[in-house]
Amino acid sequence: MQSIIKVDLGPQSYNVCVRSPTGATPTGGLDELGSLMGDLSLGKKVLLVSNQSIFRHYGDRATAALESAGFEVSSCILPPGEQYKTLNSVQKIYGAALANRLERSSTMVALGGGVVGDITGFAAATWLRGINVVQVPTSLLAMVDASIGGKTGVNHPEGKNLIGAFHQPRLVLIDPDVLKTLPAREFRSAMAEVIKYGVVWDVELFSKLEKSKRLDQMRYVKADLLAEILIRSCQAKAEVVSKDEKESGLRAILNYGHTIGHAVESLTNYKVINHGEGVAIGMAASSRLAVELGMWDAECDRRQSALIEKAGLPAKLPAGVDVEEILNTLQLDKKVQDGKVRFVLPVRLGEAAVSDRVDGDVILQVLREML
Ligand code: GLY
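So, how was this worked out
Residues numbered from 1 in each chain as written. Predicted model: local features only at pLDDT ≥ 70, side-chain atom pairs only at ≥ 80, totals over all residues. Heavy atoms only, no water. Helix = DSSP H or I, 4+ residues; strand = E, 2+ residues; numbered from the N terminus. Rg over C-alpha atoms; globule rule 2.2 N^0.38 Å. Buried < 20%, exposed > 50% of the residue type's maximum accessible area, 1.4 Å probe, protein only. Axes fitted to C-alpha atoms, helices over the stretch in contact; angles between N-to-C directions. Parallel < 35°, antiparallel > 145°, perpendicular 65-115°, else oblique. Left-handed = near helix turned anticlockwise from the far one by under 90°. Contact = heavy atoms within 4.5 Å. Near = heavy atom within 4 Å. Polar contact = N/O pair within 3.5 Å; in protein donor to acceptor, adjacent residues only side chain to side chain. Areas by Shrake-Rupley, 256 points an atom, 1.4 Å probe, with all protein chains shown as cover. Nonpolar A, V, L, I, M, F, W, Y, C, P; charged D, E, K, R; others polar. Core = buried A, V, L, I, M, F, W, Y, C linked by side-chain atoms within 4.5 Å. Pairing = 2+ DSSP bridges. Phe/Tyr/Trp six-rings, centres within 6.5 Å; stacked < 30°, edge-to-face > 60°.

### What to know about the overall build of the chain
Assigned secondary structure in the chain consists of 13 helices and eleven strands. Computed over the C-alpha atoms, the radius of gyration of the chain is 20 Å, within 12% of the 21 Å expected from 2.2 N^0.38 for a compact globule of 371 residues. Counting only C-alpha atoms and orienting by the principal axes, one finds that the chain spans roughly 60 × 45 × 40 Å. In the chain, buried positions account for 56% of the 371 residues.

### Examining the packing of helix H7 (residues 203-211) against helix H11 (residues 298-310)
At their nearest, the axes of H7 and H11 sit 10 Å apart, and the two run at 55 degrees to each other. If you check the angle between H7 and H11, you find them oblique. Once H7 is placed against H11, the crossing between them reads as left-handed. Seen from H7, the contacting residues are Phe206, Leu209, Glu210 and Lys211; seen from H11, they are Arg303, Gln304, Leu307 and Lys310.

### Overview of the site of the ligand
Close contacts around the ligand come from Asp145, Lys151, Lys237, Glu247, Arg251 and Leu254, and that covers them all. At 2.9 Å from an oxygen atom of the ligand is found a side-chain nitrogen or oxygen belonging to lysine 151. Within the contact set of the ligand, an oxygen atom lies 2.7 Å away from a side-chain nitrogen or oxygen of arginine 251. Here the ligand, which alone exposes 190 Å², has 89% of that area covered by the protein. Considering only residue class, the shell around the ligand consists of one nonpolar, no polar and five charged.

### Describing the nonpolar core
Counting 99 residues, the largest nonpolar core has Leu33, Met37, Leu140, Met191, Leu209, Leu330 and Phe343 as the members making the most contacts within it. The biggest single contributor to this core is helix H8 (residues 223-243), with ten residues. Beyond its immediate chain neighbours, meaning those up to four positions away, phenylalanine 343 contacts Ile260, Ser286, Leu289, Leu330, Ala353, Val354, Ser355, Val358 and Ile363.

### With respect to helix H9 (residues 258-267)
Of all ten residues making up H9, eight are buried, and the element is well covered by its neighbours. Buried within H9 we find His258, Thr259, Ile260, Gly261, His262, Ala263, Val264 and Glu265. On its buried face, H9 sits against strand E8 (159-166), helix H6 (184-200), helix H10 (275-292), helix H12 (323-330), strand E10 (343-348) and helix H13 (360-369). A positive phi of about 55 degrees marks asparagine 269, the residue just after H9.

### Regarding the sheet that holds strand E4 (residues 72-78)
Reading across from one edge, E1-E2-E9-E6-E5-E3-E4 is the order of the seven strands in this open sheet, with mixed pairing throughout. The open sheet is flanked by strand E1 (2-7) and E4, the only strands paired with a single partner. Geometrically, the sheet is characterised by an average inter-axis angle of 20 degrees between neighbouring strands, direction not taken into account. In this sheet, strand E6 (residues 132-137) lies alongside strand E5 (residues 107-112) in parallel orientation, the contact comprising six bridges. Its bridge partner lying in E6, leucine 111 is registered against valine 136.

### Re the environment of isoleucine 119
Within the element layout of this structure, isoleucine 119 appears in helix H4 (residues 114-126). Taking relative accessible area as the criterion, isoleucine 119 reaches 1% and is therefore assigned buried. Apart from residues lying up to four places away in sequence, isoleucine 119 is in contact with Leu78, Tyr84, Lys85, Ser89, Val90, Ile93, Gly153 and Val154.

### Brief notes about the packing of aromatic side chains
Describing an aromatic ring pair means giving the distance of the ring centres and the angle of the ring planes. Counted according to the given criterion, the structure contains one aromatic pair. Taking the centre distance of 5.4 Å and the plane angle of 25 degrees together, the rings of tyrosine 94 and tryptophan 127 count as stacked. With tyrosine 94 in helix H3 (residues 87-99) and tryptophan 127 in the loop between H4 and E6, this pair connects stretches of sequence that are 33 residues apart. Here tyrosine 94 matches tryptophan 127 in class, with each residue buried.

### Quick notes on unusual backbone geometry
Look at leucine 128: it is not a glycine, yet its phi comes out positive at around 50 degrees. With respect to the element layout, leucine 128 can be found in the loop between H4 and E6. We classify leucine 128 as partly exposed; its relative accessible area is 33%. Of note, the phi angle at asparagine 161 is positive, near 55 degrees, even though the residue is not glycine. Structurally, asparagine 161 can be placed in strand E8.

### Let's talk about the side chain of aspartate 118
Tracing the sequence through the fold places aspartate 118 in helix H4. Side-chain polar atoms of aspartate 118 contact the side chain of lysine 85, separated by 2.8 Å. Residue contacts for aspartate 118: discarding those within four places in its chain leaves Lys85, Ala146, Lys151, Thr152, Gly153 and Asn161.

### Topic: the pairing of E8
Pairing analysis gives five bridges linking strand E7 (residues 151-156) to E8, with the strands arranged antiparallel. Of the residues in E8, the one forming a bridge with valine 154 is isoleucine 163. Connecting E7 to the antiparallel partner E8 that follows it, the hairpin turn spans two residues.

Just distances and angles here, no functional claims.
Structure below.
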């Protein structure tokens, strides 16, 4: 599988390269990291940032690929997990940057899932007022979403991603082969974002997902469908970001399902419901809200529910969550504007709109039906 998708941002444009190893002695994908970076006129010094478990699997291959292209590589290994997405981890990266004398032309390479990508992106955005970052996502979620578009950041004790910066990568390298070590729950979780692209942007992706019998584990997803999922999702993200880099309008549609999703994630202390599961619940709620408001039809809602179920994702609220508490939590969301909660609502398959006129009573009614 080989595809190059351009994120078109003028002088800050970059490529998302989707490449699998090929041939009898498979090389390619991750092994091409150095040669792909070699085309970008970057400085010689590279700080490879990863977490312990990812580095154990792929650290040597990434380092060898970089060194064979002439880069001087040092590394910074963080502990795995969302709980380490903090300023402390950023400090650790700054320490490694200082110890290895990174320069303005140097590059941080993020090898890992969304947490590693976001922390490293933020460290690169702020070290020496901004150095190069290359994203090498190793989870499906990071491949189809977090690694593209330049949103970087860490959590504050009071909320997720409250500290951050926009900082576009110089390159995103996706090697689908690394997904073979991805746990099944993380694969399912990412499918929520893939379904999201089908609903808000790419009706053809939606139809292709509908044709697959199962979407809940990678082994049931045929190689050509996995390729479509990766390429079409990255294309959707690249097209939206190219039109609205800083989320002043269109990019907000990528938050479909995220407003209620974040509230459910946070009310279950990020332990019961993970990000993708929250997004699935949020998409189910937003779709029903749109039906209630007469914006989209019940048949599309049914088709979306069928996909969510096929991906093994939840569409009901978890036990013990209070709907009034969800409504209160929505007010704290980053996407609140002038005190009004902004919902992304589907209009037709492949198109969504943002509305800040959804009445609290309708939200409560829909949420009660999802208990
Ligand atoms: N994950 C949504 C965005 O990057 O805009």
